[in-house]
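A closer look at the structure
Spelled out, the chains give:
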Amino acid sequence: MEAEKDGVTVFKFPRWRLKGKGIPEVVEAYKATGAELNVMPFCSQFIPMEVIDHPAHGSIIYHPSLLPRHRGASAINWTLIHGDKKGGFTVFWADDGLDTGPILLQRECDVEPDDTVNTIYKRFLFPEGVKGTVDAVRLIAAGNAPKIVQPEEGATYEGIQKKDNAKIDWNQSAQALHNWIRGNDKVPGAWAEVDGQKVTFYGSSLVDSGVTAIGQPLEIPGTSRPGLVTKAGLVLFGNDGKTLLVKNLQFEDGKMIAAARYFSSGSSASVELTEEEKAFAEQMRGVWKSILTNVAAIEESTDFFKSGAGSMDVVRLVEEVKLRASGCQLQNEDVYMNTTFQDFIQMCVRKLRGEDGEEELVVDYVEKNINNMTIRMPHQLFINGEFVDAEGGKTYKTINPTDGTAICDVSFAQASDVDRAVAAAKEAFEEGEWGKINPRDRGRLLYKLADLMEEHQEELATIESMDSGAVYTLALKTHVGMSIQTFRYFAGWCDKIQGCTIPINQARPNRNLTFTKKEPIGVCAIVIPWNYPLMMLAWKTAACLAAGNTVVLKPAQVTPLTAVKFAELAARAGFPKGVINILPGSGALVGQRLSDHPDVRKLGFTGSTEIGKHIMKSCAVSNVKKVSLELGGKSPLIIFSDCDMDKAVRMGMSSVFFNKGENCIAAGRLFVEENIHDQYVKRVVEEVKKMKIGDPLDRSTDHGPQNHKAHLDKLVEYCQTGVREGATLVCGGKQVARPGFFFEPTIFTDVQDHMFIAIEESFGPVMILSKFKSGDVDEVLRRANATEYGLASGVFTRDISKALYVSEKLNAGTVFVNTYNKTDVAAPFGGFKQSGFGKDLGQEALNEYLKTKAVTIEY
């Protein structure tokens, strides 16, 4: 079609040759085009040699294997069946043999452990094949195209894979069985006899042999031992005792089921329909009748496929459902898995009710009885809607900062896990349900997620407190409470993302329409810090999802647990597979791979300025990703002598010691007017002495442990530096003598502008106090702005004119006047200078995850 639009001759001959010879009229029609080069995909054996040899530059062919390996028509299948570690494609010069001509160029890729024909084709062979073929043509045009004779050593030829030769030979290792099943997935489909009928196996993956599977035995003729139908799928055993897992099964009548439902596929409990649902069922009965025209009446037992329906009818049926019930988002596979009218209606009703019969989420919990409740914590990676182990089963221990003991082992993501997560997110964005649902349904999912978070808020707050050291009451109100508010706020934005129309003057009469569209970016990576693990996740992820993107998120290595619990709640809320992916692991490995990954189109990061610069560079070099950065801060707080002293003391304490000082907008330096300085110091010291340091789960605790040991050590060193440089340590400055990572609330006075502690952020409970001359507003502003950071700032004064003047002159993304730490989900949040760029929260945050497209139409 595209060729016809460009005026290029298109041939649609049913055949080019007859009895081995070219058909004269077809060959002559071809020669009349005057082609200088033939570019052909895959097999050429149906093209006469007089056509192949006719152009001045001959003919080149794209073949989806690394020749001379896997010559023949099913090259991709055999790449997987043989378990090749490397795959790829070859562009070669056609000759009279079958895929034997000289090689022009080759491109190779890694074959992933669970690749199927479909995944490797979509990920590499098709997109890179197009590019490679273009490169080959350019080499020919430039006269630089090589002709490398194919070696006979290593050459293989395998026949075309068809259903009748795709039967599974069970007398093989688990790896070989896995390769056979995935190498035939989805065409032609590996099959075996089960309970007297031909059953086709799809969605194979290898299983850690150390995991004991629990399920119902399934006898399969020829296997070394019975399979097990488990909650995760059908576990099969190789002759080496190792295991693989199959997700889906298809029967001879075309019906496909989740393998986990093998023994219950025909006995699911019937749902009683409401009057409204009965009316919907009758509408669908009419649709079935309009498709199955040869059926006299649609009965409950009428089978869609046995009554003559085909694949195009499946597409039509799915679209008919969408027209009548927008809340019922079907995939073609849903029809194959519910082939009778009764099963089909029951499935639709469950989806409409939010009980859509998706395969049960399998979660391996770590359970602990703590804080007067039982908490259940996932601890694996979350990729494509499933909790999975990291490659190689790698794990690490996450530590409770209250006592320094290990909470549990957490999966430690590897680069290959990042690639799998990004591939899942990309597929969900480009081909999955997420990209098709309307904005209001997207908002409905976000509201549902917020409701589930609220139902689990005590559990989330307990996990957050245990994993990060946050005081439980603060975790409940802020860490978790504001996270819930954030998802609800952005849920309301989903159907309010709009472009605009623009008048233009490019033609007369002016019959032009130009408008803009706000569109999601695609796969977004989010890398969050350890100080507010859940809240930082919410601030970025809620806006990202509201805009319609998919997410791969790396929580801080030291605080992963609320992120993976969030993944569980998102799955239970009904987010489609691949939309949300969570990868605990190291920044050097996971964060770096996300920064470098060519399929990630946006990266949002909160953390240090040093790492932010590195990420920005990697994002630029890799594929010029869109980036937003919330980085370090040294926020100045100016306290004038005309302030409300009680409020200035109370808020000054909060500005420094809130969340143990592990607060990105913490007041890094307080400037106090000299005529109230001593009084102010006395008051804050009195308040510090009242603070209760202790177990963060104790409701009376004011100050919990620092997040992790390395941070505690840095705080000790930070205070020692302050003392060495001549600042006055009024109180604190050392570790508390008890188990865990506790640090005393600290106050320094007499801090001069050149000192290390005046310049650098502590990110801890350290108050840095400096005097300024009475009445010298401009001088204190100069000192306050003499920093490379610009995240937040504050001023306390009763003089409104002074307050407005100071807030105008302070060079920071947020200015607090007579208050501090008062952030809200509707107010944009972000910094200036080396505190980064881009906004979290508020309407502006949506723009970080949207792209603007201009469309001009002449009518």
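Scroll up a little and you will see the structure.
Summary of the structure given here. Just so we're clear, the structure is a prediction, and the values are computed from it rather than from any experiment. (Residues numbered from 1 in each chain as written. Predicted model: local features only at pLDDT ≥ 70, side-chain atom pairs only at ≥ 80, totals over all residues. Heavy atoms only, no water.)

Describing the packing of aromatic side chains
- Applying the stated rule across the entire model yields 22 aromatic pairs.
- Pairing Phe89 with Phe124 gives two aromatic rings, centres 6.0 Å apart and planes at 40 degrees, and the pair type is tilted. A residue pair is termed long-range when its members are at least 10 positions apart, and Phe89 in strand 5 (residues 86–93) and Phe124 in helix 5 (residues 117–125) qualify at 35 residues.
- You can call Phe89 buried: its relative accessible area is 0%.
- The exposure class assigned to Phe124 is buried, which follows from its relative accessible area of 13%.
- Pairing Trp288 with Phe341 gives two aromatic rings, centres 5.2 Å apart and planes at 80 degrees, and the pair type is edge-to-face. A residue pair is termed long-range when its members are at least 10 positions apart, and Trp288 in helix 8 (residues 275–291) and Phe341 in helix 11 (residues 341–352) qualify at 53 residues. Neither Trp288 nor Phe341 differs from the other in exposure class; each is buried.
- Members of the aromatic cluster, joined through ring pairs, are Trp288, Phe304, Phe305, Phe341 and Phe344.
- A cation sits over an aromatic face here: Lys602 above Tyr849, 3.9 Å from the ring centre. (Phe/Tyr/Trp six-rings, centres within 6.5 Å; stacked < 30°, edge-to-face > 60°. Helix = DSSP H or I, 4+ residues; strand = E, 2+ residues; numbered from the N terminus. Buried < 20%, exposed > 50% of the residue type's maximum accessible area, 1.4 Å probe, protein only. Lys NZ or Arg CZ within 6 Å of the ring centre and 35° of its normal.)

Let's talk about the sheet that holds strand 33 (residues 792–796)
- Taken together, seven strands build an open sheet; the order of strands is 29-30-31-28-27-33-34 and the sheet is mixed. Edge positions in the sheet fall to strand 29 (728–731) and strand 34 (814–817), since each of these pairs with one other strand and no more. Going across the sheet, the axis of each strand differs from the next one's by a mean of 20 degrees, ignoring polarity.
- Taken together, the four bridges between strand 28 (residues 667–673) and strand 31 (residues 766–772) define a ladder with parallel strand orientation. The residue of strand 31 that forms the bridge with Val672 is Lys771.
- Each of strand 27 (635–639), strand 28, strand 30 (746–749), strand 31 and strand 33 is contacted by helix 20 (residues 645–657), which is oriented at about 130 degrees to strand 31, the strand it contacts most. (Pairing = 2+ DSSP bridges. Axes fitted to C-alpha atoms, helices over the stretch in contact; angles between N-to-C directions. Contact = heavy atoms within 4.5 Å.)

So, unusual backbone geometry
- Cis rather than trans, the peptide bond between Leu67 and Pro68 has omega equal to 15 degrees.
- Relative to the assigned elements, Pro68 resides in the loop between strand 4 (59–63) and helix 4 (75–81).
- With a phi close to 60 degrees, Asn371 is a non-glycine residue in the positive phi region.
- Examined against the element boundaries, Asn371 turns out to sit in the loop between strand 14 (366–370) and strand 15 (373–377).
- Look at Asn371 and you get buried, because its relative accessible area is 12%.

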